[in-house]
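An overview of the molecular structure
Each chain is listed here by its residues.
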There are 2 protein chains.
Amino acid sequence: MTEDFSITIVGLGLIGGSIAKAIRENLKVKNLWAVDINKEALEEAKDSGIIDGFFQDDSIPLKGSDIVILCTYPNAALEFMRRNMEHFRKNAIITDTSGIKGKIVEEARKILRHDLEFIGGHPMSGKESTGYRISDGTIFRGSNYIITPHESNSKETVLLLKNMMLKIGFRKVIELEPKTHDRIIAYTSQLPHILACTVMNSESFHAGRDCIGGSFKDMTRVADINGELWSELLIENKENILAELSSVMSDLEDIYHMIEREDADSLKSAFRKSGNLRKEMKYEKS
Amino acid sequence: MTEDFSITIVGLGLIGGSIAKAIRENLKVKNLWAVDINKEALEEAKDSGIIDGFFQDDSIPLKGSDIVILCTYPNAALEFMRRNMEHFRKNAIITDTSGIKGKIVEEARKILRHDLEFIGGHPMSGKESTGYRISDGTIFRGSNYIITPHESNSKETVLLLKNMMLKIGFRKVIELEPKTHDRIIAYTSQLPHILACTVMNSESFHAGRDCIGGSFKDMTRVADINGELWSELLIENKENILAELSSVMSDLEDIYHMIEREDADSLKSAFRKSGNLRKEMKYEKS
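To keep things clear, this report deals only with the structure shown in the data block. (Residues numbered from 1 in each chain as written. Chains lettered and ligands numbered in written order. Predicted model: local features only at pLDDT ≥ 70, side-chain atom pairs only at ≥ 80, totals over all residues. Heavy atoms only, no water.)

1. Digging into helix H5 (residues 102-111) of chain A
- Every buried residue of H5 of chain A is accounted for by Gly 102, Ile 104, Val 105, Glu 107 and Ala 108 of chain A.
- Lining the buried residues of H5 of chain A we find helix H4 (74-84), strand S5 (93-96), strand S6 (117-123), strand S7 (144-148) and helix H7 (178-200) of chain A. (Buried < 20%, exposed > 50% of the residue type's maximum accessible area, 1.4 Å probe, protein only. Helix = DSSP H or I, 4+ residues; strand = E, 2+ residues; numbered from the N terminus. Contact = heavy atoms within 4.5 Å.)

As structure tokens, this is what we get:
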């Protein structure tokens, strides 16, 4: 399906690099190019045969690309589109992979040339830490990919993007409204990241570091976070994440009072609920 | 060192079963016996050669055991000791593996026969879910074991217990005051469990279940919790866990306000700190 397509990946970090590797492993394409400010990553990817080439001048690969995958921070993706709008190939498909979708889709539509299509995307996978160095073409296996098409997108383009994501390893492709995506992701991704960092930064860590078990390790895995990216994601999704934070703080306060009044029944009932939900989730995913 | 010893494990659940398996795999002992109310687990352990036998009457293995390892809930461990004090072998060593130590060590000392020694213990490892069925002799590898000896314990006994725990797979044995243990564990273990359950139980889960990634999965792994056990652990360690909950709620409030006022610099600085700490921790553990 993509044999005759040239694809450019903009931003060859953890996600861009992983997508490049997954495309190389799973798809036939005419050309796979990359754009990044980090020349080292580009050279490494070229030398190992992951990409077919890279260019100093962004306009060259864009002019030849049927699909452009923006794997940068959200505002950088918008900025890239703005700067390069005239360079995109006629009828090209542009997609992104950043963690917020409402603003991206709205702003992209404002600046998009009429022959182009933009569809927002977001992989439900990643890794702690950052950079091409740790990118891995297999990290998408078993994860879902969210796309947030607009009514102006053609069915064919949506289907093409969906199939491409399934081919490179995603388990399911979920279609969501951009705003629904942002509301959901505040809970499923942003909240766990904030909790991980908050627990990690506690004063109590220093006394406790020899007494750490699996629960602490797993809970704090993503505390090794890309602060530049995440401060942007959180601020851009402010309303939703503040609502989730309020809700979790109020739930923690309930648990606080259950423990304070030694209300074993309420604690047991909360833990029974969480146990059942977590078991169900485990079976769903396997 | 333990070739001539008979050991009885009281409570053949996840931890008791895992210790039994780890002893069978790594130590020579004269006899390895078990006591449990769940006859199925006992029979399975006997049939597969993990234990040498079990008895209807607790007093029989206790009379012949040099070491008794209590792997029950904390209050059940105290209750077992109380009920069986006259049955323990002369000079036997009793230890436990439960998640609170202050109360256990204090109460055990009150009821202990003068020829016996009690040392509290707590493995920094486990698994979500419960029961002998999922016990595993390898779960201790790479984890630390905490012991909380009292000044009345002999050096030889402390050393014997330490060596035994190292032999069955623990990476390090840490000695702590019982009260220090309880304070630390509220942060390193109880807090992550409460956060996992609280996030899991959020109303937002139902809309979000298709949009779950690694951060959510890892953070909620231990939400599949043993509610009976954990309500007891939390209530028995009330003062410490309430302090940790207060502290994390106040830290979350700080993050809330940083996002609210779009203070990217403070967010970045918090994430830089958590990233560095988490990286350091990772290298320490490997």
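2. Here's the deal with a negative patch on the surface
- Together, Glu 40, Glu 43, Glu 44 and Asp 47 of chain A make up a negatively charged patch on the protein surface.
- Turning to its location among the elements, Asp 47 of chain A is positioned in helix H2 (residues 39-47). (Patch = residues over 30% accessible without salt bridge, like charges linked within 9 Å, V, L, I, M, F, W, Y side chains within 5 Å. Areas by Shrake-Rupley, 256 points an atom, 1.4 Å probe, with all protein chains shown as cover. Salt bridge = Lys/Arg side-chain N within 4 Å of Asp/Glu carboxyl O. Lys, Arg positive; Asp, Glu negative; His and termini not counted. Charge placed at Lys NZ, Arg CZ, Asp CG, Glu CD.)

3. Brief notes about the relation of the copies chain B and chain A
- When chain B is fitted to chain A, the best match, at an RMSD of 0.0 Å, comes from turning it 180 degrees and sliding it 0.0 Å along the axis. The symmetry that links the two subunits is that of a two-fold axis. Rotation axis and chain B: the residue whose C-alpha lies nearest the axis is Met 219 of chain B, separated from it by 2.1 Å.
- Most of the interface of chain B is mirrored in chain A, where 100% of its interface residues again form contacts. (Least-squares fit on C-alpha atoms with pLDDT ≥ 70 in both.)

4. Observations regarding the sheet that holds strand S8 (residues 172-175) of chain B
All names here are of chain B.
- Spatially, S3-S2-S1-S4-S5-S6-S7-S8 is the arrangement adopted by the eight strands of the open sheet, whose pairing is mixed. The open sheet terminates on both sides in strands that have one partner only, identified here as strand S3 (53-54) and S8.
- Relative to S8, strand S7 (residues 144-148) is paired through four bridges, and the arrangement is parallel. When the sheet's bridge partners are listed, Ile 146 is paired in S8 with Ile 174.
- Contacting strand S1 (6-10), strand S2 (31-35), strand S4 (67-70), strand S5 (93-96) and strand S6 (117-123), helix H4 (residues 74-84) runs over the sheet at an angle of about 145 degrees to S4. (Pairing = 2+ DSSP bridges. Axes fitted to C-alpha atoms, helices over the stretch in contact; angles between N-to-C directions.)

5. Regarding the packing of aromatic side chains
All names here are of chain B.
- According to the stated counting rule, one finds ten aromatic pairs over all chains in the structure shown.
- When the centroid spacing of 5.7 Å and the interplanar angle of 85 degrees are considered together, the rings of Trp 33 and Phe 55 count as edge-to-face. With Trp 33 in strand S2 and Phe 55 in the loop between S3 and helix H3 (59-64), the pair connects residues that are 22 residues apart, well separated along the chain.
- Taking relative accessible area as the criterion, Trp 33 reaches 13% and is therefore assigned buried. (Phe/Tyr/Trp six-rings, centres within 6.5 Å; stacked < 30°, edge-to-face > 60°.)

6. Section: the environment of Thr 148 of chain B
Residue and element names in this part refer to chain B.
- The topology assignment puts Thr 148 in strand S7.
- Looking at Thr 148, the relative accessible area reads 0%, which means it is buried.
- Placed 46 residues apart in sequence, Thr 148 and Gly 102 show a C-alpha to C-alpha distance of 8.9 Å.
- Those residues in contact with Thr 148 that sit more than four places away from it in its chain are Lys 101, Val 105, Ile 119, Gly 120, Leu 176, Glu 177, Pro 178 and His 181.

7. Overview of the pairing of strand S4 (residues 67-70) of chain A
All names here are of chain A.
- Here S4 shows two buried faces, one formed by Ile 67 and Ile 69 and the other by Val 68 and Leu 70.
- Pairing of strand S1 (residues 6-10) with S4 involves four bridges; the strand directions are parallel. Bridged to Ile 7 within S4 is Ile 67.
- Where S4 lies against S5, four bridges are found, and the strand directions are parallel.

8. A few points about the sheet that holds strand S2 (residues 31-35) of chain A
- Spatial strand order, S3-S2-S1-S4-S5-S6-S7-S8 (chain A): eight strands in an open sheet with mixed pairing. The open sheet has two edge strands with one neighbour each: strand S3 (53-54) and strand S8 (172-175) of chain A.

9. Details of the side chain of Ser 18 of chain A
- With respect to the helices and strands, Ser 18 of chain A occurs in helix H1 (residues 14-26).
- Once residues lying within four places of it in the same chain are set aside, the contact partners of Ser 18 of chain A are Gly 13, Ser 135, Asp 136, Gly 137, Ile 139 and Phe 140 of chain A.

10. Concerning the interface of chain B and chain A
- The interface is formed by 87 residues belonging to chain B together with 87 residues belonging to chain A.
- Counting the surface lost from both chain B and chain A, the interface buries some 8,200 Å², and carbon and sulfur atoms represent 65% of this.
- Ranking the residues of chain B by area buried against chain A places Tyr 187, Cys 211 and Phe 271 of chain B at the top, with a combined share of 9%.
- At the boundary of chain B with chain A, the tally comes to twelve salt bridges.
- One salt bridge connects Lys 172 of chain A with Asp 210 of chain B, and the closest N-O pair in it is separated by 3.3 Å.
- Put simply, chain B and chain A have 36 residue pairs in polar contact (both at pLDDT 80 or more) between them.
- Mapped by element, the contributors of at least two residues to the side of chain B that touches chain A are S7, S8, helix H7 (178-200), helix H8 (205-208), helix H9 (214-220), helix H10 (227-236), helix H11 (238-260) and helix H12 (264-285) of chain B.
- Residue composition of the side of chain B that touches chain A, by class: 42 nonpolar, 21 polar and 24 charged. (Buried area = accessible area lost by both parts, 1.4 Å probe. Polar contact = N/O pair within 3.5 Å; in protein donor to acceptor, adjacent residues only side chain to side chain. Nonpolar A, V, L, I, M, F, W, Y, C, P; charged D, E, K, R; others polar.)

11. Notes on the nonpolar core
- Counting residues in each nonpolar core, the largest one holds 111 residues, and the members touching the most others are Leu 245 of chain A together with Leu 245 of chain B.
- Not counting residues within four places of it along the chain, the set of residues in contact with Leu 245 of chain B comprises Leu 252, Ile 255, Tyr 256 and Ile 259 of chain A together with Leu 191 and Ile 194 of chain B.
- Counting residues in hydrophobic clusters, the runner-up holds 37 residues, among them Ile 119, Leu 161, Met 165 and Ile 168 of chain B. (Core = buried A, V, L, I, M, F, W, Y, C linked by side-chain atoms within 4.5 Å.)

12. Let's talk about the environment of Gly 64 of chain A
Residues and elements named next belong to chain A.
- Among the secondary structure elements, Gly 64 is positioned in helix H3 (residues 59-64).
- Along the chain, Gly 64 and Arg 89 lie 25 residues apart, while their C-alpha atoms are 6.0 Å from each other.
- Apart from the residues within four sequence positions on either side, Gly 64 is in contact with Ser 6, Trp 33 and Arg 89.

13. Quick word on the pairing of S1 of chain B
Residues and elements named next belong to chain B.
- Taking burial as the measure, the five residues of S1 include five buried ones, the bulk of the element.
- What you see with S1 is no split at all: Ser 6, Thr 8 and Val 10 on one side and Ile 7 and Ile 9 on the other are buried throughout.
- The pairing of S1 with S2 spans five bridges and is parallel. By the bridge assignment for S2, Ile 7 is matched with Leu 32.
- Handedness of the crossover joining S1 and S2 through helix H1 (residues 14-26) is recorded here as right-handed. (Right-handed = clockwise from strand over helix to strand, strands pointing away.)

14. Overview of unusual backbone geometry
- A positive phi angle, close to 65 degrees, is found at Asn 91 of chain A, a residue other than glycine.
- Of note, Asn 91 of chain A is situated in the loop between H4 and S5.
- On the basis of relative accessible area, Asn 91 of chain A is assigned to the exposed category, the value being 52%.
- If you check the backbone angles, Glu 262 of chain B has positive phi at about 55 degrees while not being a glycine.

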